[in-house]
Amino acid sequence: MRERHFSQHRRRTREFESYVAGAGGRLLHAATLLTAEPPDDNPRARRLLTAALAETYARWDRLRGEDPYDRTRQELAARFARGAWRYHRPAIPGLARPHADEGLLARLTPQERLILVLRLYEGVAEEQTAALVGLPADRVRAICTRAIATMRSTPPTPPAPAAPAPGVAT
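Conventions used here
- Residues numbered from 1 in each chain as written.
- Predicted model: local features only at pLDDT ≥ 70, side-chain atom pairs only at ≥ 80, totals over all residues.
- Heavy atoms only, no water.
- Helix = DSSP H or I, 4+ residues; strand = E, 2+ residues; numbered from the N terminus.
- Buried < 20%, exposed > 50% of the residue type's maximum accessible area, 1.4 Å probe, protein only.
- Areas by Shrake-Rupley, 256 points an atom, 1.4 Å probe, with all protein chains shown as cover.
- pLDDT = per-residue confidence, 0-100.
- Contact = heavy atoms within 4.5 Å.
- Expected span 1.5 Å × (residues − 1).
- Arc of directions from axis to C-beta.
- Salt bridge = Lys/Arg side-chain N within 4 Å of Asp/Glu carboxyl O.
- Core = buried A, V, L, I, M, F, W, Y, C linked by side-chain atoms within 4.5 Å.

### A word on the overall build of the protein chain
A count of helices and strands for the protein chain gives six helices and zero strands. Each helix (α) and strand (β) of the protein chain, taken in turn from the N terminus, gives the series α-α-α-α-α-α. Buried positions account for 32% of the 170 residues belonging to the protein chain. Put simply, the protein chain shows about 11,000 Å² of open surface, and 56% of that area lies on carbon and sulfur atoms.

In structure tokens, the structure reads:
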């Protein structure tokens, strides 16, 4: 009995490791887009993905035909939404600017990033995205359109450095 349990555990671990080897890169990229961190320095995205994968692993035997990628993506979206929307403070125009090393997605609100990543990067249908984020489909469409418009607009230019005062050596 104990040997059979150990064998099932090894099989489960191998299946999950194989899944992560195949899907991990794409999921990490999606998490990085969500957190708007630079691809080479993304600790929040890695923590987010690790938590989502841990939940998927815990449910691995109960997936029963459910796509593990979809399950992990749902968990990733839910965890991002809970964390980001709870702590997000709206940017005050002219004061809050993304850091130079952050991408264009940093200009978006967490909700806009989530919807944009699900719709455009992951290719999730509008109705499914609406169900995932708990909004009506027409609201998801409007948010996605607004996010795309923001991405296409010219980014705000940082203020020019102040000129030194006359007579001050630089």
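### Here we look at the confidence of the model for the protein chain
With 78% of its residues at a pLDDT of 70 or more, the protein chain shows a mean pLDDT of 84. When pLDDT is averaged over each helix and strand of the protein chain, the minimum, 86, is found for helix H3 (residues 68–87) and the maximum, 96, for helix H2 (residues 43–58). A low-confidence stretch, residues 89–101 (pLDDT under 50), is modelled with eight contacts involving residues beyond four sequence positions or located in other chains.

### So, helix H6 (residues 137–152)
Its 16 residues place the ends of H6 23 Å apart at the C-alpha level, agreeing with the 22 Å of an ideal helix rising 1.5 Å per residue. Where H6 is concerned, the buried positions are Val140, Ile143, Cys144 and Ala147. The buried residues of H6 occupy an angular sector of 100° when the element is viewed end-on, so they sit on one face.

### Quick word on the pattern of salt bridges
Any two side chains of opposite charge can pair, on the condition that their charged atoms come close. In the structure shown here, the tally under the stated rule is eleven salt bridges. Between arginine 59 and glutamate 55 there is a salt bridge, with the nearest N and O atoms lying 2.6 Å from each other. The class for glutamate 55 is partly exposed, based on a relative accessible area of 23%. The residue arginine 71 makes a salt bridge to glutamate 75 at a minimum N-O spacing of 3.7 Å. In this pair, arginine 71 and glutamate 75 are both assigned in helix H3, four residues apart and thus about one turn of the helix distant. We note that arginine 71, like glutamate 75, is buried. Taken together, the salt bridges that share partners define one network made up of Arg26, Asp70, Arg73 and Glu122.

### Observations regarding helix H4 (residues 110–121)
Taking 1.5 Å as the rise per residue, H4 with twelve residues should run 16 Å; its terminal C-alpha atoms sit 15 Å apart, in good agreement. Regarding H4, the residues found buried are Pro110, Glu112, Arg113, Leu114, Ile115, Leu116, Val117 and Leu118. At the exit of H4 stands glycine 123, carrying a positive phi of roughly 70°.

### Notes on the nonpolar core
Within the largest apolar cluster, 36 residues are counted, with the highest numbers of intra-cluster contacts made by Tyr19, Leu27, Leu34, Leu76 and Leu114. Going through the elements one at a time, helix H1 (2–35), H2, H3, H4, helix H5 (126–133) and H6 are the ones with two or more residues in this core. Those residues in contact with leucine 34 that sit more than four places away from it in its chain are Leu48, Leu76, Phe80, Arg113, Leu114 and Val117.

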